[in-house]
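Structure at a glance
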Amino acid sequence: MTETREKILRVEDVVIRFNLRGKELTAVRSASLDLYKGETLAIVGESGSGKSVFTKSFLGMLDKNGRVASGNILFEGENLAEFTREEQWLKIRGRKIAMIFQDPMTALNPLKTIGEQIREVITLHRGMNRQEAREEALAMLGKVGIGDAAQRYGQYPHEFSGGMRQRVVIAIAAACRPDILICDEPTTALDVTIQAQILENLKELQREMGMSIIFITHDLGVVANVADRVAVMYAGEIVEYGRTPEVFYDPRHPYSWALLASLPQLGEKGEDLYTIHGTPPNLFKEIKGDAFAPRNPRALKIDFEEAPPWFAVSDTHFAKTWLLHESAPEVEAPKIIQRLKEKSLKGLDYGS
Amino acid sequence: MAAEDKREILLEVKNLTVDFKLGRRKFSAVDDVSFHIYKGETFSLVGESGSGKTTVSRAIMGIHQASQGDILYKGESVSGNMTGSQERKFRQSVQMIFQDPMASLNERAKVDYIVSEGLYNFKLFKGEKERKAKVERTLRKVGLLPDFASRFPHEFSGGQRQRIGIARALIMEPEFLVADEPISALDVSIRAQILNLLNKLKKEEDLTYLFIAHDLSVVRLISDRIAVIYKGKIVELAESEELFRRPLHPYTKGLLSAIPLPDPESEKNKNLLIYDPSIHDYDKVPPSWCEAYPGHWVLADERELDLWRRR
C-alpha cells in the first residue's frame, strides 16, 4: 500500500558530528527515513537520542560546530546534505520545509503584533500584496483555532497564553504552505486539554493543506494520537520503525519495549513500574554492537559484539535487533507489552 | 464509609482562600477549598496551569498566607501563628520535593551539604560522625551511592538529581511529603524509576504524600484519592479508580478525554470533550459540595447532581 504513495523526502544513512572543544561527538549515527506525502511520521526517543538534531539537518539549522558528515537528504531532486551556502537553504527553509519548536515565545518577536508576523511571512514567501496577505493571515488564524481573529490580529505575543502562542507559531509555519512541517515537541509545555485541541487543529490543517508532518516527541500518547508511522530513535540511530499500530501492538526492539513498558499510564496498581536501568551511551565514544545492549537485561552475547542490521517484520515494519535473526533464541517481551494489546481490545479509554 | 471514618486525619484544609493582589485588583488563586488527607495515603491534587494547585501546596507549607480558612496538621492550626516549638516540629515533619531537579539544587554546594542542610538548620545530629552516617544511609535509601556525597550537582543526571532532592527531604525523617510535579520535568525513561522510588519510600518510611500534578493518567497509579481543581476550586474528589470509572463533573470528563493514551486504536476513536463553564447556571443558587456516592464528592447544584448521577 505504501509503495504507491509518493515519497517526498528520503534521508539515507545520515551521520551528524559536532565538534565540542576539540572532541568529536557523533549525535546521529547513520539514521535513515522516508517521508510520504500527506503522512505524519513521529520520531520518539528520550532526550539526547538525537531526534531534534537529526531533523534540524533537513533545514540546515545545525549549530555552527555541527555538520552532516555523511549521508544523503534527498528532497525535490536535490541533496540537501551537500548544501554549503545559506542562500541554498533560504529556498528550502520556511518555504518548503518549516519547523516549530517547544517554546513558542522564542519563535515570536515580542515587539511586533502577531498579525504583522504572519503577514510578513506570507508576503515574503508567497509574494502576495499587503491586503491579500492580511486576509490570508486572518484565515490562517481561524484555521489554527484562534477565534476572534480580526481582534487578535493586532495584539502582541504577550497578550496570548502559551497555547495561543503555539497556535500562532503553527499559523506562521503553515502560512507558507510548506510541503513538510517539522514539529519538535510543540505541545510538551502545554496543558493536556490545550494539547488535545492543538493536535486536532494540526491534523485538520494537514488534511486541508496536504502537507507531511514529522512530529518529534517523547510522549507515546501523543504519538498514538497523531502518527501514521513511528520511528523509535536511540543513541543517534533509528532502531525500529513501522506503522503506528505495528510499533505499539507488536514492538520488536528491546528499547521500544522498554520505552512502552515504563509508561506510568500502563502500570498496574500495586506493581512496580517497569524501569530502564543505566544511562544512554557516551556519544563521544565509538559504540560497539547494539547501543542499547548495556541497558538491556535480555541482551544477547552478539548484541555486545556486532551492530544488528535491519530485519523486516512486515512490509512496513522494521527493527534493528538480533532478536529477529532466524537463529536468535526466543526472548519474550515484558508482560506489560503483551498486556497492551489485550487492554486495547478491552478499550483503554478513560471515563467511558 | 464507617471504616474510613476511623482513619486518622493527618492534614485538614478548611475553606482555604488565598488572595493575590495585582496592583489594585485582587483575585483568589484558591477559593474556598476544603479537603483532608488521611495518614498513610497518597492524595493527589490535579489541575492545569493556573488552577491554583501549587498555591494550595504553598499555603500548606506556609509560603503563602491563607487569606481565609485554616490548615490543620494533626489537629493543630498551622496557618496562623504557631509557637516556636510547634513551628519547628511542623517544619521538620513536613517536607517538600520540587519539580525541576535542574533548578532546585544549589549548584555550588556538594551533595553532602545539600542533603544535610536541614540537619544543620535543626541541629539534628550530635557529631560529624552521626551526620555522615545519616547522609550515607539516606543516599542509599534513594538508590544513590554514599560516595556521591562529595560530588557537585552538575555531575548528575536529571533522575539522580531528583533522587538527591528526595534524599534532602527524607533525611529529616518527615511524616508528610508534598511533591509538586516531581516527575514532569524528567525524561520518560526515568519517570517510572522515580515513581517506584516514591512508592517504596512510602511503605518503608510510613509516609503520607500530597502529590501536585497536571497529568491525571500518571497519578492514577500512585494515588489513593484524587481531587481535581479548576480555577481555584476543587470540582471533584474521589478514590482514584472511582474517579476514572465514574467521573461526574464535566471538567473532570474533559480532562480525562484529553489525556493522550499510548494506544493508537483508542486515540483514533477519541472523543474529545471540551469543558464549557457556561453550561452551569449558578447565578441564583451557587453550587455546593455534594457527596454523589460514598466518598465521591462533586461541586454541583441540585439539578446537576441529579442529572450527572443518572448518567
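Keep in mind the model is a prediction, meaning the values are calculated, not measured.

**What to know about the packing of helix α6 (residues 158-170) of chain B against helix α7 (residues 188-205) of chain B**
Residue and element names in this part refer to chain B. Look at α6 against α7: their axes get within 10 Å of each other, and the N-to-C directions meet at 20 degrees. One element, α6, and the other, α7, form an angle in the roughly parallel class. Crossing of α6 against α7: the hand is right-handed. For the pair formed by α6 and α7, the contact residues are Gly159, Gln162, Arg163, Ile166 and Leu170 on the first element and Ile190, Gln193, Ile194, Leu197, Leu198, Leu201 and Glu205 on the second. A class-by-class count of the residues in the contact of α6 with α7 yields seven nonpolar, three polar and two charged.

**Describing the packing of aromatic side chains**
Considering all chains together, one arrives at 20 aromatic pairs over all chains under this definition. Ring geometry for Tyr255(A) against Phe292(A): centres 5.1 Å apart, planes inclined by 70 degrees, an arrangement best described as edge-to-face. Taken together, the residues span a long stretch of sequence, with Tyr255(A) in helix α11 (residues 254-261) and Phe292(A) in the loop between α11 and β11 (311-312) at a distance of 37 residues. Residue classification places Tyr255(A) among the buried residues on the basis of a relative accessible area of 0%. The buried category is assigned to Phe292(A), whose relative accessible area is 2%. Geometrically, the ring pair formed by Tyr73(B) and Phe176(B) is tilted, given 6.3 Å between the ring centres and 40 degrees between the ring planes. With Tyr73(B) in strand β4 (residues 68-73) and Phe176(B) in strand β7 (residues 176-180), the pair connects residues that are 103 residues apart, well separated along the chain. For Tyr73(B), a relative accessible area of 6% translates into the label buried. By relative accessible area, which is 0% here, Phe176(B) ends up buried. Among the aromatic side chains, those forming a connected cluster through ring pairs are Tyr234(A), Tyr255(A) and Phe292(A). Between Arg5(A) and the ring centre of Tyr36(A), over which it is positioned, the NZ or CZ distance is 4.8 Å.

**As for the sheet that holds strand β2 (residues 25-38) of chain B**
All names here are of chain B. Ordered by their spatial adjacency, four strands build an open sheet running β2-β1-β4-β5, and the pairing between neighbours is antiparallel. Whereas interior strands pair on both sides, the edge strands pair on one side only; in this sheet they are β2 and β5 (76-77). Bridge analysis of strand β1 (residues 9-22) against β2 gives 10 bridges, and the strand direction is antiparallel. Of the residues in β2, the one forming a bridge with Lys21 is Lys26. Sheet strands in contact with helix α2 (residues 53-61) are β1, β2 and β4, and its direction is about 110 degrees off that of β1.

**Quick notes on the layout of surface pockets**
Considered as a void within the structure, the second largest pocket measures approximately 850 Å³ in volume. Elements with a contribution of two residues or more to the lining of the second largest pocket: β1 (7-20) and β2 (23-36) of chain A together with α6 and α7 of chain B. No other element matches the four residues that α6(B) contributes to the lining of the second largest pocket. Considering only residue class, the lining of the second largest pocket consists of 19 nonpolar, 16 polar and five charged.

**Considerations on the interface of chain A and chain B**
Each partner contributes residues to the interface: chain A has 44 residues there, and chain B has 37 residues. In total, chain A and chain B occlude about 3,600 Å² of area from one another, counting both sides; carbon and sulfur atoms represent 62% of this. Scanning the region where chain A abuts chain B turns up zero salt bridges. For the side of chain A that touches chain B, the secondary-structure elements that each account for two or more residues are α8 (192-209), α9 (220-226), α10 (244-249) and α12 (335-346) of chain A.

**Some points on the side chain of Asp290(A)**
All names here are of chain A. Within the secondary structure, Asp290 is located in the loop between α11 and β11. The charged side chain of Asp290 is buried without a salt bridge, its nearest counter-charge being Arg29 at 6.9 Å. Looking at Asp290, its side chain comes within polar contact range of the main-chain nitrogen of Phe292, at 2.9 Å. In this view, Asp290 contacts His253, Asp303, Glu306, Ala307, Pro308 and Lys320; residues no more than four positions away in its chain are not counted.

**Notes on the pairing of strand β10 (residues 233-239) of chain B**
Residue and element names in this part refer to chain B. Counting buried residues in β10 gives five out of seven residues, a clear majority hidden from the surface. As defined by bridge partners, strand β9 (residues 225-230) adjoins β10 across six bridges and the pair is classed as antiparallel. When the sheet's bridge partners are listed, Arg225 is paired in β10 with Glu239. Connecting the antiparallel pair β9 and β10 is a turn made up of two residues, with Lys231 showing a positive phi of about 45 degrees. As paired strands, β10 and strand β12 (residues 296-300) are joined by two bridges and run antiparallel to one another. Across the sheet, residue Leu237 finds its bridge partner in β12, namely Trp297.

**Quick look at the sheet that holds strand β4 (residues 66-75) of chain A**
Backbone hydrogen bonds hold the strands of a sheet together, and the pairing may be parallel or antiparallel. Residues and elements named next belong to chain A. Spatial ordering of the open sheet is given by β2-β1-β4-β5, a layout of four strands whose pairing is antiparallel. Edge positions in the sheet fall to β2 and β5 (78-79), since each has one partner strand and no second. As paired strands, β1 and β2 are joined by 10 bridges and run antiparallel to one another. Within β2, the residue paired with Phe18 across the bridge is Leu25.

Definitions and cut-offs
- Residues numbered from 1 in each chain as written.
- Chains lettered and ligands numbered in written order.
- Predicted model: local features only at pLDDT ≥ 70, side-chain atom pairs only at ≥ 80, totals over all residues.
- Heavy atoms only, no water.
- Axes fitted to C-alpha atoms, helices over the stretch in contact; angles between N-to-C directions.
- Helix = DSSP H or I, 4+ residues; strand = E, 2+ residues; numbered from the N terminus.
- Parallel < 35°, antiparallel > 145°, perpendicular 65-115°, else oblique.
- Left-handed = near helix turned anticlockwise from the far one by under 90°.
- Contact = heavy atoms within 4.5 Å.
- Nonpolar A, V, L, I, M, F, W, Y, C, P; charged D, E, K, R; others polar.
- Phe/Tyr/Trp six-rings, centres within 6.5 Å; stacked < 30°, edge-to-face > 60°.
- Buried < 20%, exposed > 50% of the residue type's maximum accessible area, 1.4 Å probe, protein only.
- Lys NZ or Arg CZ within 6 Å of the ring centre and 35° of its normal.
- Pairing = 2+ DSSP bridges.
- 1 Å grid on protein atoms, 1.4 Å probe; cavity = no way out; pocket = protein on both sides within 12 Å on 5 of 7 lines; lining within 4 Å.
- Points joined across faces, edges and corners; volume = space filled by probe spheres on them.
- Buried area = accessible area lost by both parts, 1.4 Å probe.
- Salt bridge = Lys/Arg side-chain N within 4 Å of Asp/Glu carboxyl O.
- Lys, Arg positive; Asp, Glu negative; His and termini not counted.
- Polar contact = N/O pair within 3.5 Å; in protein donor to acceptor, adjacent residues only side chain to side chain.

Everything listed is a geometric property; what it means functionally is a separate question.
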